[in-house]
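The primary structure of each chain is shown beneath.
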Amino acid sequence: MSAIPDLPPSLKPIQEYLNKSKQLATVRPVVAHYCKVYAIEQGLKVRDKADKGTLAFLMPLMDELEKEKKEVPDLQGIEDPQMQVELFALELFKKADDQYYAGKANKSTSLSFRASASIMEVCRQWGEMPADVSEKYKYAKVKALEIWKAVQEGRVAMPPLQEEGGGGAPTPLGE
C-alpha cells in the first residue's frame, strides 16, 4: 500500500468506507474494492476544491484501485460485482437481525447493523437500491442506533412482540 496522507477534514464522510475496505481486503476483496471505489466517488463529490490536500489524498487511492484490478485474482473477470456486494450486506444484516430477534442484541449486533447499512450504501454506485434493500438499509440504521443506545444505558434492546398471529413470537425482518 502506498503512503497515503492523513484524511483531510472535507473527506471525513468517506472514512467509514475506507475503513470497511481495509477490514475486508483479505476476506472479501471484491467488496473491499468496491467500498474503496465508492469512497473515492463520494470523496470527489464532497471534497473542498480549494484544498489541494484532498486530491493528494484521493490520487494514491485511485492508483491503488488500478493496481488492485491487475493484482487481486478475485477482481479478474468479475461477474456482477453489485450482486456480490449486496449479498454480503444482506448476510451481515441477517446475522444482526437474527441476533436481535433472539433477544441477544449487544454492541456487536449494533456494529453489524451499521456495517450492513454501510455496505448497502456502497451499492448506490450502481444506481438506486431495490425497494427491499432500501427498506433493510433504513431498518439497519435505526436498529444500529437503537441497540447502541441500549448498550450505553446498560440494557438489552428487545425486539417488539408480534401483534398479529398470536404467540407473541418476534418476526425478523430478514425473513
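Please refer to the structure placed before this passage.
Conventions and cut-offs
- Counting starts from 1 at the beginning of each chain's written sequence and moves along it residue by residue.
- Thresholds applied to this predicted model are a pLDDT of at least 70 for local features of residues and 80 or more for the giving and counting of side-chain atom pairs; totals over whole chains, interfaces and linings are not thresholded and use all residues.
- Side-chain descriptors were evaluated using all non-hydrogen atoms of the structure, hydrogens and water having been removed beforehand.
- Put simply, two rings from Phe, Tyr or Trp (the six-membered ring, in Trp's case) pair if the centres are within 6.5 Å, and we call them stacked under 30 degrees between planes, edge-to-face over 60, tilted for the rest.
- Helical segments are the DSSP runs of H or I of at least four residues, strand segments are the runs of E of at least two, and each set is numbered from the N terminus.
- A simple rule labels every residue: compare its accessible area, found with a 1.4 Å probe on the protein chains alone, to the largest value its type can have, and call it buried under 20%, exposed over 50%, or partly exposed in between.

Asker: How should I be thinking about the packing of aromatic side chains in this particular structure?
Answerer: Within the structure shown, the criterion is met by seven aromatic pairs. With 5.3 Å between their ring centres and 50 degrees between their planes, tyrosine 34 and tryptophan 126 make a pair best called tilted. With tyrosine 34 in helix H2 (residues 29-46) and tryptophan 126 in the loop between helix H5 (107-122) and helix H6 (131-152), this residue pair connects regions lying 92 residues apart in the sequence. The class of tyrosine 34 is buried, set by a relative accessible area of 15%. Among the residues examined, tryptophan 126 registers a relative accessible area of 30% and is labelled partly exposed. Between the aromatic rings of tyrosine 100 and tyrosine 101, the centroid separation amounts to 5.1 Å while the plane-to-plane angle is 80 degrees, which identifies the pairing as edge-to-face. The exposure class of tyrosine 100 is buried, given its relative accessible area of 0%.

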